[in-house]
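Okay, here's what each chain looks like letter by letter:
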Amino acid sequence: MTDGPNPLGEYVRARRELVTPEQAGLHAVGVRRVPGLRREEVALLAGISADYYLRLEQGRDRNPSVQVLESLARALRLDDDATAHLLRLGAGRPRRHRGRPRPETVPPGIAQLLTALPLPALVEGRHFDVLAANALATALSPRLAAGANRLRDVFLDPAEQALYPDWESAAAGMVAGFRESVGTATDDPRFLELVGELSLASPRFRRLWARHDVEACEGAPKHLAHPQAGALSLNRERLAIGGTAGQVLVIYHPDPGSDTAEKLALLASAALRRP
């Protein structure tokens, strides 16, 4: 077994533990001492030798072909986002060892746009740090403010958790989106700091992180239980900001004429009256 991190091996091992023989179309025989599929079963389904699969999982072979990776993706029943992540892990590109991270700066034009938008909006960095937010976003949640971190708040702040009627699903989606956002840059100091802190502080984060789920953060409906406005049904859009290292503009908007639109107008009025 080679020294050093083995993200490809960790990923395929975690994913095979989540696939049952029945899901893979196999007949389970005898007592199974491991969750999910056995190594030899994955190798059989992928059409590779059991010894070669073992070398991949243990990190003794880190340069599989695209065909092998795609076969593993089919065997492990990976969706498009998870398959893309597997291909990135197996690409064999040398990782960049970074020094002191540079502070992320929001482009001036985007900062002006935030204040002009009549909707809750914020700028999020690739590690889910809130880099800037307008008053309406902060009216949705006081944690939607510059200097906060979405991942940390969702797992460690009870008030933020209470905003989500289905907190379990929201937390799982955020972890999968964080893994997709960071990609293969697992030597990034900010990444290591966040994962280390949350793994120690939150058993739920630790369990979700061990699953290695990957999901692209895209537009999606969001349901919130606001402490003053009550139930809010919003649409979340995530727009990439050109010329930045992974920053996105996040905008929340209601369906026209909905009850949420009226509630959002009241929140906006209250936010504008604040000094």
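As shown above, the structure is provided for reference.
Residues numbered from 1 in each chain as written. Predicted model: local features only at pLDDT ≥ 70, side-chain atom pairs only at ≥ 80, totals over all residues. Heavy atoms only, no water.

Enquirer: What exactly am I supposed to notice about the pairing of strand β2 (residues 130–133) here?
Expert: Here is the key point about a regular strand: its side chains alternate between the two faces of the sheet. Relative to β2, strand β1 (residues 121–124) is paired through three bridges, and the arrangement is antiparallel. Within β2, the position partnered with Glu124 by the bridge is Val130. Connecting β1 to the next strand, β2, in antiparallel fashion are five residues, including Phe128 with a positive phi near 70°. (Pairing = 2+ DSSP bridges. Helix = DSSP H or I, 4+ residues; strand = E, 2+ residues; numbered from the N terminus.)

Enquirer: Mind showing me how you'd approach the packing of aromatic side chains here?
Expert: To describe a pair of aromatic rings, one takes the distance between the centres and the angle between the planes. If you walk through the whole model with that rule in mind, you get seven aromatic pairs. A ring pair is formed by Phe155 and Phe205, whose centres lie 5.4 Å apart and whose planes are at 85°; its orientation type is edge-to-face. Of the two residues, Phe155 is situated in helix α8 (residues 150–156) and Phe205 in helix α12 (residues 203–211); the sequence distance between them amounts to 50 residues. By relative accessible area, Phe155 is classed as buried at 5%. Taken together, the ring pairs in this structure connect Phe128, Phe155, Trp167, Phe178, Phe191, Phe205 and Trp209 into an aromatic cluster. The ring of Trp209 carries the charged tip of Arg179 above its face, separated from the ring centre by 3.7 Å. (Phe/Tyr/Trp six-rings, centres within 6.5 Å; stacked < 30°, edge-to-face > 60°. Buried < 20%, exposed > 50% of the residue type's maximum accessible area, 1.4 Å probe, protein only. Lys NZ or Arg CZ within 6 Å of the ring centre and 35° of its normal.)

Enquirer: What exactly am I supposed to notice about the packing of helix α2 (residues 39–46) against helix α3 (residues 50–58) here?
Expert: When two helices pack together, their arrangement is given by the angle between their axes and by how far apart the axes lie. As a packed pair, α2 and α3 sit with axes 8 Å apart at the nearest point and diverge in direction by 115°. As judged from the angle between their axes, α2 and α3 are roughly perpendicular. In this structure, α2 meets α3 at a crossing whose hand is right-handed. Residue-level inspection shows Arg39, Glu40, Val42 and Ala43 of α2 in contact with α3, the latter providing Ala50, Tyr53, Leu54 and Glu57. Considered class by class, the residues forming the contact of α2 with α3 number five nonpolar, no polar and three charged. (Axes fitted to C-alpha atoms, helices over the stretch in contact; angles between N-to-C directions. Parallel < 35°, antiparallel > 145°, perpendicular 65-115°, else oblique. Left-handed = near helix turned anticlockwise from the far one by under 90°. Contact = heavy atoms within 4.5 Å. Nonpolar A, V, L, I, M, F, W, Y, C, P; charged D, E, K, R; others polar.)

Enquirer: Looking at this structure, I do not really get the packing of helix α10 (residues 167–182) against α12. What am I missing?
Expert: Following both chains from N to C, one finds α10 and α12 inclined at 50°, their axes separated by 10 Å at the closest point. Considering the angle they form, α10 stands oblique to α12. Here α10 and α12 pass one another in a crossing that is right-handed. On the side of α10, the interface is formed by Trp167, Glu168, Ala171, Ala172, Val175, Phe178 and Arg179, while α12 contributes Arg204, Phe205, Leu208 and Trp209. Of the residues belonging to the contact of α10 with α12, the class tally is eight nonpolar, no polar and three charged.

Enquirer: Can you help me understand the pattern of salt bridges in this one?
Expert: Note that side chains of opposite charge can pair when their charged atoms are close. This structure, assessed with the given rule, holds 14 salt bridges. In this structure, Arg211 engages Asp213 in a salt bridge whose closest nitrogen and oxygen atoms are separated by 2.8 Å. When salt bridges that share partners are traced, they join Arg15, Arg211 and Asp213 into one network. (Salt bridge = Lys/Arg side-chain N within 4 Å of Asp/Glu carboxyl O.)

Enquirer: Would you mind going over the sheet that holds β1 with me for this structure?
Expert: Pairing between the strands of a sheet is mediated by backbone hydrogen bonds and can be parallel or antiparallel. The five strands are arranged β2-β1-β5-β4-β3 in an open sheet whose pairing can be described as antiparallel. Because the sheet does not close on itself, it has two edges, and the strands there are β2 and β3 (220–226). On average, each strand axis in the sheet is tilted by 30° relative to the strand beside it, whichever way the strands run. The strands that helix α6 (residues 108–116) touches are β1, β2 and β5 (248–253); relative to β1, the one it contacts most, it runs at about 155°.

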